[in-house]
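Spelled out from the first residue to the last, the chains are:
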Protein chains: 2
Amino acid sequence: MPLPTALLDDLAAVFGDRLSTAQAVREHHGKDESHFPPCPPEAVVFALTTQEVSQAVKACARYATPVIAFGTGTSLEGHIAALKGGVCIDVSGMNAVLEVRPEDLDVTVQPGVTRKQVNEYLRDSGLFFPIDPGADASLGGMAATRASGTNAVRYGTMRDNVLSLEVVLPDGRVIRTARRARKSSAGYDLTRLFVGSEGTLGIITELTLRLHGIPEAVSAATCPFPSVEAAVQTVILTIQSGIPVARIEFMDEVMVDAVNRYSKTSHRVAPTLFFEFHGSQASVREQAERVEAIATEFGAQGFQWATGAEERTRLWAARHNAYYAGIALKPGCRAWTTDACVPISRLAECLLETKADLEKSSLTSAIVGHVGDGNFHVMLLVDPGRPEEIAEAEAVNHRIVRRALAMDGTCTGEHGVGHGKMEFLEEEFGEALDIMRRVKSAIDPQGIMNPGKIVG
Amino acid sequence: MPLPTALLDDLAAVFGDRLSTAQAVREHHGKDESHFPPCPPEAVVFALTTQEVSQAVKACARYATPVIAFGTGTSLEGHIAALKGGVCIDVSGMNAVLEVRPEDLDVTVQPGVTRKQVNEYLRDSGLFFPIDPGADASLGGMAATRASGTNAVRYGTMRDNVLSLEVVLPDGRVIRTARRARKSSAGYDLTRLFVGSEGTLGIITELTLRLHGIPEAVSAATCPFPSVEAAVQTVILTIQSGIPVARIEFMDEVMVDAVNRYSKTSHRVAPTLFFEFHGSQASVREQAERVEAIATEFGAQGFQWATGAEERTRLWAARHNAYYAGIALKPGCRAWTTDACVPISRLAECLLETKADLEKSSLTSAIVGHVGDGNFHVMLLVDPGRPEEIAEAEAVNHRIVRRALAMDGTCTGEHGVGHGKMEFLEEEFGEALDIMRRVKSAIDPQGIMNPGKIVG
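Throughout this document, residue positions are counted from 1 along each chain, in the order its sequence is written. Both sets of labels track the order of writing: A upward for chains, 1 upward for ligands. Reporting of local features is limited, given that this is a predicted model, to residues whose pLDDT is at least 70; pairs of side-chain atoms are given and counted only at 80 or more, and all residues count toward the totals for whole chains, interfaces and linings. Hydrogen atoms and water are omitted, and side-chain values are computed over all heavy atoms in the structure.

Within an unreviewed UniProt entry, the label attached to chain A reads D-lactate dehydrogenase (cytochrome), and the organism entered is Paramagnetospirillum marisnigri. UniProt positions are given in the numbering used here, feature names are shortened, and annotations may be inferred rather than shown by experiment. Its UniProt record gives chain A a comment under Sequence similarities (unreviewed entry), which states: "Belongs to the FAD-binding oxidoreductase/transferase type 4 family." Under Cofactor (unreviewed entry), UniProt gives the following word-for-word description of chain A: "FAD".

This is how it looks when you write it as structure tokens:
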């Protein structure tokens, strides 16, 4: 559906040559890293200020035209697909770190700043921002999808690490969701309402984030196990023992092999845990000893320590690139990535049933997991040109979601709903979904904000 | 405004003699621990099940009659005042611990279970629930007001420690806000929306809460300082150094004196910090040494260690009773308690300006604070029979709130809005308050849930 000319004129008046309707630009903005087919917007504007975002949203509101925010396009459930056309507001140019406040352990950034960029910026401050999805995503996008990553077991997710947001509402008004105090009991928690709302309630134009002190000591290790179950039992007992492990990540043998090929590492090909410990020298040593004792109980086949900073960086870079390593297993393929998260007591059962299910499938698949949180991803490699592979992946994904829901888990631990997981929300939430719909209608009565996502 | 007879008949049919319109019962349910005048409901029902709560709400909805939930009545901003009459649903009888899951570090409870009760229940499990407001409040009420307490600096607030809620909606439907997985990106964060909603969006009938392992080692200490500033600077540097202190609490000299009298302790009368350290033996020792070094830098006048469990319990019981100790300073008085919370970099400034302001006042006042979070309370003792004292307390409170807001802080760190803090929300949130109003109208279109609180 083409945009009204009057709207394009209004946008051109604000954005000049930062308004584009070029095919290539539109296609780039209609495609994330998922298996879903691209769905480009009718036009893209490149906003540089909150005021410009507000003006763009006001213009779209006048013509009841859909608005989709875009950061880095690294989402995994079709979040940025322009299902009903409309205008994409690209905020990647809003990429300034506005203020670091070391004394308050917080930072204010524009939404286009990426997670690596903010940590690069903070490098000499002794502070860091821990949330690390696989991609070098924008912080606005990470807040919008309630992202997490490998550090969540210790530092929480975006839910826990956003102090305050500036948001452009569906009518173009600009609000701030909270003050900068560490805690507050003042009214409804608007910050948490917008974190995870995936651009369906407003567009995030500024974020104040919690920072953490870079620990005095850090040590990392990998450890292969004789079985998936042995690895998972080690995780469960570690968490139950209250050991404040910073990272505890799982890869199955397929994924370890893929990572070895892609990142030129030489991990033994077996179900493997990746650990990281943060603290004082003494505490890191103590945590490592306790975890090693637990792992040994479950038949661990030897810890390999990455002691130097460079070695550690290489180890985690390989972990972060697992998605790309998986895709590289079958050139030309796309990945269908599942994202179940279950109570940790059910994790072994859920993973083992899933493994057994995958063995019956013809698809190449690999598993990685933020297992300290009960969250794991199956990467299902599909040839986008073969509908039967897509259908099989879809069926596997359905069974994984149903399995997780039956175990009191969730259909998405960290990727979000987009349009890919919408069909599961009814089962996950029941009547509570009606409350989400009411909130959506109350805040976005015209339904112009990223339509067709979360609540449809 | 008397209740419709038909409503009373409907309630009597469900509750029998657990429906009361007796004067004494109504008065008890119209009064919290604040300075506000009592405001009793027209009737009280004592619910024992979720279904009964649902039936009561449905009955009230039929007659557009206000509904107010009641736990222990220990709130501090008039939360339970029946400003527009209506029916109080007392859930204190729903006080069963339903299931403890040690392997998942969580527990499911009914809303009337109190914080002390759940910890008593957990005593032999090696687990505990850390959130501890002064009163032995109900967990449903604590979730409803987004409570915190002395452990929040390490363990977070109710915001961070509620995994999932069962809620009776304003039309009587029962929903569950989330699954039991540790994290989820599935849709809007309904759990966080109901935490802190003070009964204005629904009534909490079940809570699943995060638990924490009882640390291997615990040590506590008190330390007097030569000045308020020296104590606060010690707090700031401790937090900035990333020392994972479990508790770091402040009392001014007036409060220490009050506590000594009330709890028969013998702390030196000076601005004082109360510390607690949690961890392994080695880590607790290390934390304590580092904090002692920082305190010494600021002129600390000697740590006094409470090493035994009994001694520690006595120390924290005295701290928790600070409110009652304060009130006891002037028999017959009520306390007007302020609740500002500011970014920690502004805490010294905020406290010192407040101290100077208090010196000009004729009221007896004392200060306690969860200073690790930037949160402090001034207790202003007022004779309820002397309007000029009430007016003076109100003026002091206004100045404290304005001071906190000017420092990017909040009008309430942990007590909530009730009707006492409503007038400040416009200043704190600006246009964002409109989003709260829209959410309220969308979920409670008749406006029957605890009317006159938060958004009016």
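**Q** Can you break down the relation of the copies chain A and chain B residue by residue, with the values?
**A** Between the two copies of the chain lies a relationship made up of a rotation around an axis and a movement along it. Superposing chain A onto chain B takes a rotation of 180° combined with a translation of 0.0 Å along the rotation axis, leaving an RMSD of 0.0 Å. Such a combination of rotation and displacement between the chain copies is what one expects of a two-fold axis. Pairs of residues are marked as contacts when any of their non-hydrogen atoms sit within 4.5 Å. Both copies present the same face, since 100% of the interface residues in chain A are matched by interface residues at the equivalent positions in chain B. Fitting of the copies onto one another was done by least squares over C-alpha atoms, counting residues only where both copies have pLDDT of at least 70.

**Q** Break down helix α9 (residues 228–240) of chain A for me, with residues and values.
**A** Residues and elements named next belong to chain A. Its 13 residues place the ends of α9 18 Å apart at the C-alpha level, agreeing with the 18 Å of an ideal helix rising 1.5 Å per residue. Along α9, the positions that sit buried rather than exposed are V228, A230, A231, V232, T234, V235, I236, T238 and I239. Note on conventions: DSSP H or I runs of at least 4 residues are helices, E runs of at least 2 residues are strands, and numbering of each starts at the N terminus. Tucked inside the fold, the buried residues of α9 contact α6 (152–155), β13 (247–251), β14 (272–279), α11 (281–297) and α14 (347–359). Count one or two residues on from α9 and you reach G242, which has phi positive near 70°. Given the number of residues in a helix, its expected span is that number minus one, multiplied by 1.5 Å. Only protein chains enter the accessibility calculation, which uses a 1.4 Å probe; a residue whose area is less than 20% of its type maximum is buried, one above 50% is exposed, and one in between is partly exposed.

**Q** Which residues make up the sheet that holds strand β1 (residues 19–20) of chain B, and what are the values?
**A** All names here are of chain B. Two strands pair if DSSP finds at least two bridges between them. If you trace the 4 strands from one edge of the open sheet to the other, you get β1-β2-β4-β3, paired in mixed fashion. Two strands in the sheet have a free side with no partner beyond their single neighbour: β1 and β3 (67–70). As judged from the 4 bridges shared by β3 and strand β4 (residues 87–90), these two strands associate in the parallel manner. Opposite I68, over in β4, you have C88 as the bridge partner. Angles run from 0 to 180 degrees between N-to-C directions of axes, and those axes are lines fitted to C-alpha atoms, restricted for helices to the stretch in contact. Contacts from helix α3 (residues 50–62) reach β2 (43–46), β3 and β4, with the element oriented near 175° to β4.

**Q** Tell me about the pairing of strand β17 (residues 364–370) of chain A, and please be specific about residues and values.
**A** Residues and elements named next belong to chain A. Along β17, 6 of the 7 residues are buried, which leaves the element largely enclosed by surrounding structure. Relative to strand β18 (residues 375–382), β17 runs antiparallel, the two sharing 7 bridges. Pairing of I367 across the sheet is with V378, part of β18. Counting the residues that bridge the hairpin from β17 to β18 gives 4 residues, and of these G374 lies at a positive phi of roughly 80°.

**Q** Report on the packing of helix α9 (residues 228–240) of chain B against helix α11 (residues 281–297) of chain B, specifying residues and quantitative values.
**A** All names here are of chain B. Their axes nearest at 9 Å, the elements α9 and α11 cross at an angle of 140°. When the interaxial angle is binned, α9 and α11 end up oblique. Helix-helix and strand crossings are classified by hand; for α9 and α11 the assignment is right-handed. Packed against α9, whose contacting residues are T234, L237 and T238, the element α11 presents V291, I294, A295 and E297 at the interface. Its residues assigned to classes, the contact of α9 with α11 comprises 4 nonpolar, 2 polar and 1 charged. When describing relative orientation, an angle under 35 degrees is termed roughly parallel and one over 145 degrees roughly antiparallel, while 65 to 115 degrees is termed roughly perpendicular and anything else oblique. Should the near helix be turned anticlockwise from the far one by less than a right angle, the crossing is left-handed, and should it be turned clockwise, the crossing is right-handed. Charged means Asp, Glu, Lys or Arg here, nonpolar means Ala, Val, Leu, Ile, Met, Phe, Trp, Tyr, Cys or Pro, and polar covers whatever is left, Gly included.

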